[in-house]
Amino acid sequence: MHSHDDLRIRIPEPELMDEPLQAKAYAEADFQEANTLFLELFERYFPGHRPAHGLDIGCGPGEITLSFAERHPDCRLTGIDGAEAMLAIARRKRNRRSALVPRVDFRKARIPAERLPGRYDTILSNSLLHHLPNPIVLWQEIRRRGLSGAAVLVMDLARPASKEKAHEMVARYTAEAPEILRRDFYNSLCAAFAPAEIGDQLRAAGLDNFRVEKVSDRHLAIHGRLA
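We now turn to the structure provided with this report. Given the structure is predicted, the values throughout are model-derived calculations rather than measurements.

What follows concerns the pairing of strand β3 (residues 104–108). In this sheet, β3 lies alongside strand β2 (residues 76–81) in parallel orientation, the contact comprising five bridges. The residue bridging T78 from the neighbouring strand is D105, located in β3. In this fold, the crossover linking β2 to β3 by way of helix α4 (residues 84–95) has right-handed handedness.

This is the structure in structure tokens:
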């Protein structure tokens, strides 16, 4: 018997964060620690990789896309998201950093995305996987969009063992946050995948060489190069 509290099975949440209030709260929240972790992991996993053409899938308000572009001045980046409210914030941020305007493009698209320019040597995705009703779509899109040898980094939440643990994490990391963010964080933790589940997804998508690692008490990193 499963107890009412356990999270052996994920509880899906809505795919898009497209309420303007929700997007605004998310964009104003302090995700600097997680965003910095993402950027540092990329450098750790792909030393010497020189991104030229990158895709950020589920870019949200664009903070990682823009920071990655600043770190890699030779790279052109396309950030895609299904939520217009998020993209409006991302474009405003980009337009305030005029040097990035020619190199960073934000487009409204949901995966599988049909009208994207070419293929990519670098593919990024942060905090999208747990939003997807069918996660295999992300892995298939990565295979379809990436060039041979492309560097791929996906970071997402790891589902805790119980609802009680999820509530503890909400209290620890979003104590000062608006209620809408606390609610979203709790729902996201419950909707996240366990490492073994992601391993199954990767095998089903033919990405057996990718690795899944726990990189904080609440984050997983999935990384590898496309064959």
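Past the structure itself, the notes keep going.
Right, let's get into the environment of S67. Along the chain, the position of S67 falls in helix α3 (residues 63–71). On a C-alpha basis, the gap between S67 and K214 in space is 23 Å, while along the polypeptide they are 147 residues apart. Filtering out sequence-adjacent residues up to four positions away, S67 remains in contact with L39 and R97.

This part takes up the packing of aromatic side chains. Inspection of the entire model under this criterion finds three aromatic pairs. Between F42 and F46 the ring centres are 5.0 Å apart and the planes differ by 45°, which places this aromatic pair in the tilted class. Of the two residues, F42 and F46, neither departs from the other in class, the shared state being buried. Plain terms: the ring middles of Y45 and F46 are 6.5 Å apart, the flat faces sit at 80° to each other, and that makes the pair edge-to-face. By the ring-pair criterion, three or more aromatic residues cluster together here, those being F42, Y45, F46 and F68. In this structure, R218 packs its charged tip against the face of Y173, placed 3.6 Å from the ring centre.

This paragraph deals with the side chain of D6. Within the fold, D6 resides in the segment before α1 (20–28). Among the polar contacts made by the side chain of D6, one reaches the side chain of R8 at a distance of 2.8 Å. What D6 contacts, discounting residues up to four positions off in sequence, is A161 and S162.

Working note: regular strand, side chains alternate between the two faces of the sheet. In terms of residue burial, strand β4 (residues 120–126) counts as a mostly covered element, since seven of its seven residues are buried. Direction of pairing for strand β1 (residues 53–57) relative to β4: parallel, over a ladder of three bridges. Opposite G54, over in β4, you have T122 as the bridge partner. In this fold, β4 hands off to helix α5 (residues 136–145), which returns the chain to strand β5 (residues 146–157); that crossover is right-handed.

Quick notes on the rules
- Per chain, residue numbering runs from 1 following the sequence as it is written.
- Where totals are concerned, whole chains, interfaces and linings use all residues; where local detail is concerned, this predicted model gives features only for residues with pLDDT of at least 70, and gives and counts side-chain atom pairs only at 80 or more.
- In computing side-chain properties, one takes all heavy atoms of the structure into account and sets aside hydrogens as well as water.
- DSSP bridges decide pairing: two strands pair if at least two such bridges lie between them.
- Labels follow the DSSP assignment, with helices taken as runs of H or I lasting at least four residues and strands as runs of E lasting at least two, numbered in each case from the N terminus.
- By convention, a crossover is right-handed whenever its connection, traced from the first strand over the helix to the second and viewed with the strands pointing away, goes clockwise.
- Residue contacts are defined here by distance: any two heavy atoms, one from each residue, within 4.5 Å place the two residues in contact.
- Each Phe, Tyr or Trp ring, with Trp reduced to its six-membered ring, pairs with another whose centre is within 6.5 Å; inter-plane angles below 30 degrees give stacked pairs, above 60 give edge-to-face pairs, and intermediate values give tilted ones.
- In this scheme, a residue with accessible area under 20% of its type's maximum is buried, one over 50% is exposed, and one in between is partly exposed, where area comes from a 1.4 Å probe on protein chains only.
- Think of it as a cone above the ring: NZ of Lys or CZ of Arg counts as a charge over the ring if it is within 6 Å of the ring centre and within 35 degrees of the ring normal.
- Any pair of nitrogen or oxygen atoms within 3.5 Å is treated as a polar contact; in protein, a donor-acceptor pairing is required on top of that, and neighbouring residues in sequence qualify only through side-chain atoms on both sides.

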